[in-house]
Amino acid sequence: MRICVGSDHAGFELKEAVKAHLLTLGHEVEDVGTPDPGVSVDYPDFGRLVARKVVAGDGELGIVVCGTGIGISIAANKVRGARAALCTDPYMARMARAHNNANILAMGGRVVGVGLALDIVEAFLSTSFEGGRHGLRVDKLESQA
Ligand code: RB5
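What this report covers is the structure whose coordinates are included nearby.

About the cut-offs
Residues numbered from 1 in each chain as written. Predicted model: local features only at pLDDT ≥ 70, side-chain atom pairs only at ≥ 80, totals over all residues. Heavy atoms only, no water. Axes fitted to C-alpha atoms, helices over the stretch in contact; angles between N-to-C directions. Helix = DSSP H or I, 4+ residues; strand = E, 2+ residues; numbered from the N terminus. Parallel < 35°, antiparallel > 145°, perpendicular 65-115°, else oblique. Left-handed = near helix turned anticlockwise from the far one by under 90°. Contact = heavy atoms within 4.5 Å. Nonpolar A, V, L, I, M, F, W, Y, C, P; charged D, E, K, R; others polar. Near = heavy atom within 4 Å. Polar contact = N/O pair within 3.5 Å; in protein donor to acceptor, adjacent residues only side chain to side chain. Areas by Shrake-Rupley, 256 points an atom, 1.4 Å probe, with all protein chains shown as cover. Phe/Tyr/Trp six-rings, centres within 6.5 Å; stacked < 30°, edge-to-face > 60°. Lys NZ or Arg CZ within 6 Å of the ring centre and 35° of its normal. Core = buried A, V, L, I, M, F, W, Y, C linked by side-chain atoms within 4.5 Å. Buried < 20%, exposed > 50% of the residue type's maximum accessible area, 1.4 Å probe, protein only.

## Examining the packing of helix H2 (residues 43–55) against helix H3 (residues 70–77)
Item 1. At their nearest, the axes of H2 and H3 sit 7 Å apart, and the two run at 45° to each other. Between H2 and H3, the interaxial angle falls into the category oblique. Read as a crossing pair, H2 and H3 show a hand that is right-handed. Facing Tyr-43, Pro-44, Phe-46, Gly-47, Arg-48 and Ala-51 of H2, the residues of H3 in contact are Gly-71, Ile-72, Ala-75 and Ala-76.
Item 2. Residue composition of the contact of H2 with H3, by class: seven nonpolar, two polar and one charged.

Below you can see the structure in the form of C-alpha cells.
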C-alpha cells in the first residue's frame, strides 16, 4: 500500500517510528515532512499536504502526527474528501476504517507511546470499510462538506 505520512516538530519522532514500521511491513511511504524536529513548524501545513495527496489518490491512506493529534487532524479535515480520525487506541482505529471510512489516521506524539501507536497503525491498515448503512452516513458527511 502507498501511505503518505506527515507531522509537525512535536510529532516528528512518532512519525519516524511509524514510517520505519510501515517500511518493514512492505508499504511504500511518502513523507511530506517535517524533516527537522529542531525547527518549530505549523501543523496545518503538514495536515493539509497529507490530506491533499490522499484525496488526489497519491497515497491510499495517510497518517498525520502532531503533539496531540488534534490540530493536524483538524487541518486535514479542512480538505474536501479527507476523513481524518484522531485515534488513541486500536479499537478507535478499527472503527474509524470500518464505520467512517477514514482515509487518514491522526495520532498525538505526546499522547501515545510508540508501541501503542504501532498497534493503532496496524489496526487502521488492516480494517476495511463495511459500507452498507455506514456508506450512506459517509455519503452524508461528504455532501455536507
Ligand atoms: C505544537 O507545540 C503543538 O501545539 C502541536 O503539535 C499540536 O499538538 C496541536 O494540536
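## Some details on the site of the ligand
Item 1. Neighbouring residues of the ligand: Asp-8, His-9, Ala-10, Tyr-43, Cys-66, Gly-67, Thr-68, Gly-71 and Arg-110.
Item 2. Contacts to the ligand include Thr-68, whose backbone N or O atom sits 2.9 Å from an oxygen atom.
Item 3. Here an oxygen atom of the ligand and a backbone polar atom of Gly-71 are 2.9 Å apart.
Item 4. Burial of the ligand by the protein amounts to 70% of the accessible area it has alone, namely 300 Å².
Item 5. Looking at the shell around the ligand residue by residue, the classes come out as three nonpolar, four polar and two charged.

## Some words on the packing of aromatic side chains
Item 1. For the structure shown, the criterion picks out zero aromatic pairs.
Item 2. Over the ring of Phe-124 we find Arg-97, and its NZ or CZ is 5.8 Å from the ring centre.

## A closer look at the packing of helix H1 (residues 12–24) against helix H5 (residues 114–125)
Item 1. Packing of H1 against H5 leaves a shortest axis separation of 10 Å and a crossing angle of 50°. One element, H1, and the other, H5, form an angle in the oblique class. Crossing of H1 over H5 shows right-handed handedness. Here Leu-14, Ala-17, Val-18, His-21 and Leu-22 of H1 lie close against H5, whose contacting residues are Val-114, Ala-117, Leu-118, Val-121, Glu-122 and Leu-125.

## As for the nonpolar core
Nonpolar side chains tend to gather and get buried jointly when the protein is soluble and globular.
Item 1. Formed by 23 residues in total, the largest nonpolar core has its most connected members in Val-18, Leu-22, Ile-63, Leu-105, Met-107, Val-121 and Phe-124.
Item 2. When residues of this core are traced back to their parent elements, those giving at least two are strand E1 (2–7), H1, strand E3 (61–66), helix H4 (90–98), strand E5 (104–108) and H5.
Item 3. Ranked by residue count, the leading element in this core is H5, at seven residues.
Item 4. Not counting residues up to four positions away in its chain, the partners in contact with Val-18 are Ile-63, Met-107, Leu-118 and Val-121.
Item 5. Ala-51, Val-64, Ile-72 and Ala-82 belong to the second largest nonpolar core, which has 16 residues in total.

## Section: the side chain of Ser-73
Item 1. Here Ser-73 is to be found in helix H3.
Item 2. Given the relative accessible area of 8%, Ser-73 is considered buried.
Item 3. If near-sequence neighbours (up to four positions away) are discounted, Ser-73 is found in contact with Ala-84, Leu-86 and Ala-106.

Keep in mind these numbers describe shape, not what the thing actually does.
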